[in-house]
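Listed here are the chains, written in short residue letters.
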Amino acid sequence: MIPAAIPFSPFKVTSFSGDTILYRDVSETHLPLAVVSGPGMDAETGDLDGDGDLDIVIANEYQPNKILLNNGLGIFTDGTPGRLPQKNLDSEDIGIADMDRDKDLDIVFATEDHAVHELYFNNGNAVYRDKSSILPNSIANSVLAVDVNNDSLPDLIFGNAGASDTPAQNFVLVNNGDTTFSDETAVRLPQVLDITQDIKLGDIDGDGDSDMVVGNEDGNKIHINNGSGIFTDETSARLPLTGTEETRKVTLCDIDADGDLDIFFANVAFRPNRLRQDRLLLNNGSGVFTDVTSANIPFDNEHTTEGIFVDIDYDGDPDLITTNIFINRPVKVFANNGSGVFEEVTQLVLPPGVLGEGIGIKAGDFNGDNLLDLYIVNRGQQDRLLLRNDTAKTIGLNQLGSEVPGKFSLSQNYPNPFNPSTKIRFELSESSFAELEIYDAKGKLTENLLGRQLTAGSYEVNWNAEAQPSGVYFYRFKAGVFSETRKMILIK
């Protein structure tokens, strides 16, 4: 429930020629505006109807929830009628997973005030049947559909509160594999009472299993997994506490490239004596965290409802995007210098006027161009869909057709010799994390052209070497176990 009312290397987009804005707002033409202007509280994405593109599920507060179906080009229509049962409940959060083992995506909604959760099983064509009666009820602001006990079945974790905003026990419901769930809270969770807003799982201590980070209104928690899905509260030994933190969302990400998961807490101040400042905590590799907020992220007095990490400038590190509340508050973008230090660059990335009552944000390739777009959930104002601009104009990457190559390969650049730009082609026989780096004749890294996950296909990257001196250069391409280096010559 929402109540009413340090310098570093330049951000790469500043060097782009032409229009540097990376996203365009297509909300007016690509969204059913009447459907996405309600009291949205959360959105999740997934291929609900099995047609190969990302659809969207919206949880609404005191209004029926909605489904948006994608036509494959990022244009959405209201897919709710005849597909999703309509109930007027206080829906707060969404979990999506194949919970009944029939190879399609089912949906669970966590409900707060009405304390009646919704569970719907998909028939394969995004038509849902109501199975809500099999769930125990609670006052919940969050739900997570994830395998807790290592049996490859998605279980359910509910983040709960008590009546009148008092603490309560969170739940773990284990999937029995027969469309039913068993409450195993007593044996799997520490018996602590919280007012929970969000829960995330990730291997924070480096032992190969998923631990639990709990975002609360009354003090965040860390619960460590014993490897079998049984969690122990180790907050005091691992998490520096402030006593002034009211967290809405938890995000886990390796923001400083040291191979472990760090924590971002999106914070608000709806309760008395809370501070709005978000928090950033770095992991020492063993799941013990240090608060680096004051040094690594700008001071921000917004009520931040969610933060996600996306490599928006394609320099190989995750950048931060936040949504903020209340009315007509901005979405903000913060660039990472590669070491987990962030600087606001919103005006370089987003078009003007991306305002709203932001309650959440999701990144996904909605229009099939292999770039991550943004969907912004607004509470009581129109949601926003931002599509990433054409790759050739921004990062110099083009996909050449949709045919899947038979093997990984790297071609000789052309033209060669060149002045001042040249094109480099490569092929991926399967989806892979692809890297393309430029080195000078002495072996010094000159530029990182690419570092991102790509789907199978043939690609072409343009390198503009106008700022580089004449000479011999080498370009190295890596994808999966494939690696190859070739030579090129710049003549000015």
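The structure this text deals with has already been given above.
Model, not experiment: these values are computed from the prediction. (Residues numbered from 1 in each chain as written. Predicted model: local features only at pLDDT ≥ 70, side-chain atom pairs only at ≥ 80, totals over all residues. Heavy atoms only, no water.)

(A) Quick look at the overall build of the chain. Broken down by element type, the chain carries six helices and 38 strands. Here the C-alpha radius of gyration of the chain, 23 Å, is about what a compact globule of 492 residues would show, namely 23 Å. The principal-axis extents of the C-alpha atoms in the chain amount to approximately 75 × 50 × 45 Å. With an accessible surface of roughly 19300 Å², the chain has 51% of that area assigned to carbon and sulfur atoms. The chain carries 37 positive and 77 negative side-chain charges, and their two centres are separated by 5 Å. (Helix = DSSP H or I, 4+ residues; strand = E, 2+ residues; numbered from the N terminus. Rg over C-alpha atoms; globule rule 2.2 N^0.38 Å. Areas by Shrake-Rupley, 256 points an atom, 1.4 Å probe, with all protein chains shown as cover. Lys, Arg positive; Asp, Glu negative; His and termini not counted. Charge placed at Lys NZ, Arg CZ, Asp CG, Glu CD.)

(B) Local environment of the side chain of N160. Among the structural elements, N160 can be located in strand β11 (residues 155–161). In this structure N160 comes out as buried when scored by relative accessible area, which is 1%. A polar side-chain atom of N160 sits 2.8 Å from the main-chain carbonyl oxygen of Q169. Discounting residues that sit within four places of it in the chain, N160 has contacts with S138, I139, A140, A168, Q169, N170, F171, D194, I195 and T196. (Buried < 20%, exposed > 50% of the residue type's maximum accessible area, 1.4 Å probe, protein only. Polar contact = N/O pair within 3.5 Å; in protein donor to acceptor, adjacent residues only side chain to side chain. Contact = heavy atoms within 4.5 Å.)

(C) The arrangement of a nonpolar patch on the surface in detail. Side chains of V472, I489 and I491 sit close together on the surface and give an oily, nonpolar patch of about 210 Å² of accessible area. Along the chain, the position of I491 falls in the segment after β38 (482–490). For I491, a relative accessible area of 48% translates into the label partly exposed. (Patch = residues over 30% accessible without salt bridge, like charges linked within 9 Å, V, L, I, M, F, W, Y side chains within 5 Å. Salt bridge = Lys/Arg side-chain N within 4 Å of Asp/Glu carboxyl O.)

(D) The sheet that holds strand β19 (residues 262–268), seen in detail. Judged by pairing direction, the sheet is antiparallel, and its four strands sit side by side in the order β18-β19-β20-β21 without closing on themselves. At either end of the open sheet lies a strand with only one pairing partner, and these are β18 (246–253) and β21 (289–291). Averaged over all pairs of adjacent strands, the angle between their axes in this sheet comes to 25 degrees, without regard to strand direction. (Pairing = 2+ DSSP bridges. Axes fitted to C-alpha atoms, helices over the stretch in contact; angles between N-to-C directions.)

(E) Local environment of the packing of aromatic side chains. A full pass over the atoms with the stated rule returns 11 aromatic pairs. Measuring from ring centre to ring centre gives 5.6 Å for W463 and Y473, while their planes differ by 70 degrees; the resulting arrangement is edge-to-face. In this pair, W463 sits in strand β36 (residues 457–464) while Y473 sits in strand β37 (residues 471–479), placing the two residues 10 residues apart along the sequence. Taken individually, W463 and Y473 each receive the classification buried, so the pair is uniform in this respect. Among the aromatic residues, ring-to-ring pairing joins F408, F426, Y459, F477 and F482 into one connected group. (Phe/Tyr/Trp six-rings, centres within 6.5 Å; stacked < 30°, edge-to-face > 60°.)

(F) Main features of the side chain of T322. Mapping T322 onto the fold places it in strand β23 (residues 319–325). The residues contacting T322, other than those within four sequence positions of it, are F264, T304, E306, G307, P330, V331, K332 and F334.

(G) Summary view of the environment of T305. Positionally, T305 belongs in strand β22 (residues 303–310). T305 sits in the buried class, given a relative accessible area of 1%. The spacing of T305 and G451 is 146 residues in sequence and 29 Å in space, taken between C-alpha atoms. In this structure, T305 is in contact with R248, K249, A266, T323, N324, I325, G358, I359 and G360, ignoring residues within four places of it in sequence. Only 2.9 Å separates the side chain of T305 from the side chain of T323, close enough to count as a polar contact. Within the structure, the side chain of T305 is placed 2.8 Å from the backbone oxygen of G358, a separation counted as a polar contact.

(H) Highlighting the sheet that holds strand β16 (residues 221–225). If you walk across this open sheet you meet the four strands as β14-β15-β16-β17, and the pairing is antiparallel. If you trace the sheet from one side to the other, it starts and ends with β14 (196–202) and β17 (231–233), each paired once. Between one strand axis and the next, the sheet turns by 25 degrees as a mean value, whatever way the strands run. Inspection of the sheet shows strand β15 (residues 211–216) paired to β16 by three bridges, in the antiparallel sense.

(I) Up close: the pattern of salt bridges. Counted according to the given criterion, the structure contains 23 salt bridges. As a salt-bridge pair, D100 and R129 come within 3.5 Å of each other at their nearest N and O atoms. In this pair, D100 is assigned in the loop between β6 (91–97) and β7 (106–111) and R129 in strand β9 (residues 128–130), connecting sequence segments 29 residues apart. When salt bridges that share partners are traced, they join D42, E44, E306 and K362 into one network.

(J) Expanded view of the nonpolar core. Residues F426, L428, L436, I438, L454, W463 and F477 are the most contacted members of the largest nonpolar core, which totals 24 residues. Looking at which element gives the most residues to this core, the answer is β37, with four residues. If we ignore the near neighbours within four places in the chain, the residues touching F477 are S409, L410, F426, L428, A434, E435, L436, F482, S483 and E484. Formed by 20 residues, the second largest nonpolar core is a distinct cluster that contains V268, I325, I359 and L385. (Core = buried A, V, L, I, M, F, W, Y, C linked by side-chain atoms within 4.5 Å.)

(K) Region of interest: the pairing of strand β12 (residues 171–175). Counting buried positions along β12 gives five out of five residues, so the element sits mostly inside the fold. Both faces of β12 are covered, namely the face carrying F171, L173 and N175 and the face carrying V172 and V174. Judged from the three bridges that link them, β11 and β12 form a sheet pairing that is antiparallel. Bridged to I157 within β12 is V172.

(L) Molecular detail of the pairing of β37. Relative to β37, strand β34 (residues 432–440) is paired through seven bridges, and the arrangement is antiparallel. Bridge assignment links Y439 to a residue of β37, and that residue is F474. The pairing of β37 with β38 spans nine bridges and is antiparallel. Directly across from F474, in β38, lies its bridge partner K487.

(M) Local environment of the environment of G471. Counting through the fold element by element, G471 comes out in strand β37. A residue is classified by how much of its surface remains accessible, and G471, at 25% relative accessible area, is partly exposed. Each C-alpha atom, one on G471 and one on I312, is 31 Å from the other, the two residues being 159 residues apart in sequence. Sequence-distant contacts of G471, defined by excluding residues within four places in its chain, comprise M488, I489 and L490.

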